[in-house]
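Residue-level structural notes
For reference, the chains in residue letters:
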Amino acid sequence: MSRGGASRRDFLKLAGAGVAGTALSTAASSYARIAGANDRVGVGIVGFSDRFRNSLAPAFQKSAGELNFEFVALSDIWSKRREDGGAFVSKLPGGRQIALTRNNEELYENNDVQAVIIATPDFQHSTQGVEAVRAGRDAYIEKPLANTMEDARAIRTAVKGTDRVVAIGTQRRSSPIYQRIHDYMKSGEFGDLVSVELTWNVNQPGRWRRPKVVSQLREADTDWKRFLTGRPPEPFDARKYVEFRLFWPFSSGIPDQWMVQRIDTVQWFTGFPRPRSVVANGGIYHWRDGRKNWDTLTAVFDYGPIDEGATGAARGFQVVYTARMTNSAGGVREHYFSNGGTLDLEKGIVTPAGGLTEENAREMELKANLLTPITFAAPGSEEAAERTTVVAAERKPAAAADRSAGSATASATAQAISPLGENTGPDESTVANLRNWMECVQDRKRPNADIEAGYNHSVALCMAIAAMQTGQRVSFDDAKQEVVIGGSTGHVHFQQRGSRIDVPGGREP
């Protein structure tokens with residue numbers, strides 16, 4: 001679907017035909033700069049993170065040569081990561097020395113930068129996406145798009161009404177395998193969805209911990225005020241800077257990092273933009289190392305037609321998301337259930353398991369309902385790589401912590417580099433999603449993982465965080481685009497203001 005305006009290729013044809021006397025728009029001016037560089041798209045890197053180094057960079061490289069994209073600049077407020085990032089990019093296949101900038105203002109002064117990849121801490125994604133759009137750049141923004149509604153509304157508003165191509169890092173939406181499963185689910189052959197069970201269990205003391213990196217960070221080497229990016233002022237804390245996933249309001253931990261991808265898949269498969277309600281429970285049950293975000297979570301989502309509400313007769317289905325960082329039994333599971341059987345998303349198979357058998361149907365004078373077995377290619381490369389890293393970390397936790405710091409010479413083609421889980425290497429889905437964004441930058445089309453998909457997963461995420469922080473049932477006000485605490489009457493709108501509730505759930509274990 002076109003996002004408005006001619007494609008970049010069309011513009012270049014017009015320019016080559018000698019069209020004159022026409023005022024160029026900002027976007028067209030950027031195309032002119034690209035044309036002057038042999039149609040090459042210069043990409044800026046916003047944040048030299050583990051995710052960028054271990055997954056996004058090698059995935060980008062898979063298509064960059066063919067599509068004529070290249071890294072031209074990098075912005076990072078920490079001097080060490082900025083220098084490490086420059087060295088890393090220079091050693092990529094076909095790499096070279098790129099411009100290094102201390103902040104995004106300097107980055108956007110560089111006219112060679114037409115697009116950016118944003119892979120900074122969770123809470124910075126939205127604000128830095130707004131910066132990119134306002135600077136007239138296209139952007140690939142890692143997930144989650146936003147973990148507060150204020151930030152979610154800001155980036156959505158910034159993108160709407162522009163011709164900027166903004167893609168979100170919910171990479172499954174570009175995977176051919178997931179797309180085939182999506183088409184099957186939308187065809188109606190699976191039947192009405194009645195339940196989804198999502199599980200993610202690990203047992204890693206070093207999960208999201210970076211003690212050796214923390215020890216290397218000095219306040220003088222970075223810009224702490226810029227790091228806070230709209231969060232309430234507080235004294236410099238190297239742990240919160242490096243291990244941000246463990247501390248609200250910088251991240252919610254499990255929901256930001258793991259839940260978003262799977263909830264986005266549910267919403268994509270079913271077409272529901274958000275849950276009707278969410279409840280959650282959990283706590284810090286084992287890893288009492290100063291973290292504020294839970295190590296164990298169960299969240300329950302109710303989905304269905306919004307106007308029906310969650311009543312006993314309402315159409316819809318329930319999603320149960322469970323994750324623990326304290327015991328890995330059960331591993332990773334994504335199971336979708338209908339009355340006729342089961343979709344095992346991990347294995348990429350549909351079976352009649354659990355469907356209505358002839359014996360049980362006969363009791364109520366009904367017909368049996370059993371799905372026809374189907375085998376898709378298993379879309380497990382994304383999680384298989386992560387499981388490989390989990391095993392490596394469990395066997396050698398000390399070495400894993402050392403490797404988490406990484407070096408600029410790390411291989412750009414390894415399938416799973418980080419042993420700490422959030423980086424999965426250039427899996428098939430990430431390669432496809434970056435390629436889709438790059439093609440859309442060229443043709444000025446809407447990407448698969450577009451701003452609306454990102455906004456919708458942010459709504460589900462904010463609802464879950466509010467449920468964790470208040471301990472109450474959470475719904476959503478579509479008119480005000482705000483999270484609502486409590487039932488349909490007497491409810492209050494919930495606005496996350498920085499660290500108003502510092503611990504999700506408002507309590508220590």
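Below or above, wherever it landed, is the structure these notes cover. The model shown is predicted, which means the values in this text are computed figures rather than measured ones.

**Some words on the overall build of the protein chain**
A tally of helices and strands in the protein chain yields 17 helices and 17 strands. Buried positions account for 56% of the 509 residues belonging to the protein chain. Residue pairs in contact within the protein chain that sit at least 24 positions apart in sequence constitute 74% of those at least 6 positions apart. Surface exposure of the protein chain reaches about 20,400 Å², of which carbon and sulfur atoms provide 50%.

**With respect to the layout of surface pockets**
Roughly 360 Å³ of internal volume is contained in the second largest pocket. As for the second largest pocket, its lining consists of 14 residues, and the residues nearest its centre are Gly 191, Asp 192, Leu 193, Phe 272 and Phe 317. Where the lining of the second largest pocket is concerned, the elements lending two or more residues are α8 (176-187) and α12 (254-270). Among the residues making up the lining of the second largest pocket, the classes are represented as 6 nonpolar, 5 polar and 3 charged.

**Details of the side chain of Asn 110**
By secondary structure assignment, the location of Asn 110 is in the loop between α5 (104-107) and β4 (115-118). We classify Asn 110 as buried; its relative accessible area is 17%. Here Asp 112 takes part through its backbone nitrogen, which lies 2.8 Å from a polar atom of the side chain of Asn 110. Apart from residues lying up to four places away in sequence, Asn 110 is in contact with Ala 73, Ala 99 and Arg 137.

**Things to note about the sheet that holds strand β2 (residues 69-75)**
An order of β3-β2-β1-β4-β5-β6 is seen for the 6 strands of this open sheet, with the pairing classed as parallel. Only two strands of the sheet have a single partner each, and these edge strands are β3 (99-101) and β6 (166-168). Neighbour to neighbour, the strand axes of the sheet diverge by 25° on average, direction disregarded. With 3 bridges connecting them, β2 and β3 associate as parallel partners.

**Quick notes on helix α6 (residues 125-134)**
Within α6, 7 of the 10 residues are buried, which leaves it mostly tucked inside the rest of the structure. Every buried residue belonging to α6 is among His 125, Ser 126, Gln 128, Gly 129, Val 130, Ala 132 and Val 133, and all of these are buried. If you follow the buried residues of α6, they end up packed against β1 (41-46), α5, β4, β5 (138-141), α7 (149-159) and β6. Once α6 finishes, Gly 136 follows within two positions and takes phi at roughly 80°, a positive value.

**Looking at the environment of Ile 141**
Structurally, Ile 141 is set in strand β5. C-alpha separation for the pair Ile 141 and Ile 451, spaced 310 residues apart in sequence, amounts to 9.7 Å. Filtering out sequence-adjacent residues up to four positions away, Ile 141 remains in contact with Ile 118, His 125, Gly 129, Ile 155, Val 166, Ala 167, Ile 168 and Gly 169.

**Remarks on the packing of α12 against helix α17 (residues 451-470)**
In contact at an axis separation of 9 Å, α12 and α17 are set at 125° when each is read in the N-to-C sense. Viewed along their axes, α12 and α17 adopt a mutual orientation that is oblique. The element α12 and its partner α17 pack so that their crossing is right-handed. Each of Pro 255, Asp 256, Met 259, Val 260, Ile 263, Asp 264 and Gln 267 in α12 lies in contact with α17, whose residues at this interface are Ala 453, Asn 456, His 457, Ala 460, Leu 461, Ala 464, Ile 465 and Met 468. Its residues assigned to classes, the contact of α12 with α17 comprises 10 nonpolar, 3 polar and 2 charged.

**Some thoughts on the pairing of strand β16 (residues 482-485)**
Side-chain alternation along β16 places Glu 482 and Val 484 on one buried face and Val 483 and Ile 485 on a second face that is also buried. Relative to β16, strand β15 (residues 474-477) is paired through 4 bridges, and the arrangement is antiparallel. Of the residues in β16, the one forming a bridge with Val 474 is Ile 485. Between β15 and β16, which pair antiparallel in sequence order, lie 4 residues; one of them, Gln 481, sits at a positive phi of approximately 55°.

**So, helix α3 (residues 50-67)**
When the terminal C-alpha atoms of α3 are compared, their 25 Å separation across 18 residues agrees well with the 26 Å that a helix rising 1.5 Å per residue should span. Burial analysis of α3 places 14 of its 18 residues in the buried class, the great majority of the element. One or two positions beyond α3, positive phi appears at Asn 68, with a value near 70°.

**Structural notes on the pattern of salt bridges**
Taken as a whole and assessed by the stated rule, the structure comprises 32 salt bridges. Salt-bridge contacts for Arg 231 lead to Asp 151; the nearest nitrogen and oxygen are separated by 3.3 Å. Taken together, the residues span a long stretch of sequence, with Arg 231 in the loop between α10 (224-228) and α11 (238-242) and Asp 151 in helix α7 at a distance of 80 residues. We note that Arg 231, like Asp 151, is buried. The partner of Glu 334 in a salt bridge is Arg 172, with the nearest N and O atoms 2.7 Å apart.

**Quick notes on the pairing of strand β10 (residues 317-324)**
The alternating pattern of β10 places Phe 317, Val 319, Tyr 321 and Ala 323 on a buried face, while none of Gln 318, Val 320, Thr 322 and Arg 324, on the opposite face, is buried. When strand β7 (residues 193-201) meets β10, the two strands line up parallel, connected through 7 bridges. Across the sheet, the residue bridging to Val 196 is Val 319, located in β10. Bridging between strand β9 (residues 296-303) and β10 involves 8 bridges; their strand directions are antiparallel. Bridge assignment links Tyr 303 to a residue of β10, and that residue is Phe 317.

**Some details on the packing of α3 against helix α16 (residues 428-443)**
At a closest axis distance of 9 Å, the pairing of α3 and α16 adopts a crossing angle of 50°. In terms of axis orientation, α3 runs oblique to α16. Considering the relative orientation of α3 and α16, their crossing is right-handed. The segment α3 lies against α16, with Arg 51, Ser 55, Leu 56, Ala 59, Phe 60, Lys 62, Ser 63, Ala 64, Glu 66 and Leu 67 engaging Thr 430, Val 431, Leu 434, Arg 435, Met 438, Glu 439 and Gln 442.

Conventions adopted
- Residues numbered from 1 in each chain as written.
- Predicted model: local features only at pLDDT ≥ 70, side-chain atom pairs only at ≥ 80, totals over all residues.
- Heavy atoms only, no water.
- Helix = DSSP H or I, 4+ residues; strand = E, 2+ residues; numbered from the N terminus.
- Buried < 20%, exposed > 50% of the residue type's maximum accessible area, 1.4 Å probe, protein only.
- Contact = heavy atoms within 4.5 Å.
- Areas by Shrake-Rupley, 256 points an atom, 1.4 Å probe, with all protein chains shown as cover.
- 1 Å grid on protein atoms, 1.4 Å probe; cavity = no way out; pocket = protein on both sides within 12 Å on 5 of 7 lines; lining within 4 Å.
- Points joined across faces, edges and corners; volume = space filled by probe spheres on them.
- Nonpolar A, V, L, I, M, F, W, Y, C, P; charged D, E, K, R; others polar.
- Polar contact = N/O pair within 3.5 Å; in protein donor to acceptor, adjacent residues only side chain to side chain.
- Pairing = 2+ DSSP bridges.
- Axes fitted to C-alpha atoms, helices over the stretch in contact; angles between N-to-C directions.
- Parallel < 35°, antiparallel > 145°, perpendicular 65-115°, else oblique.
- Left-handed = near helix turned anticlockwise from the far one by under 90°.
- Expected span 1.5 Å × (residues − 1).
- Salt bridge = Lys/Arg side-chain N within 4 Å of Asp/Glu carboxyl O.

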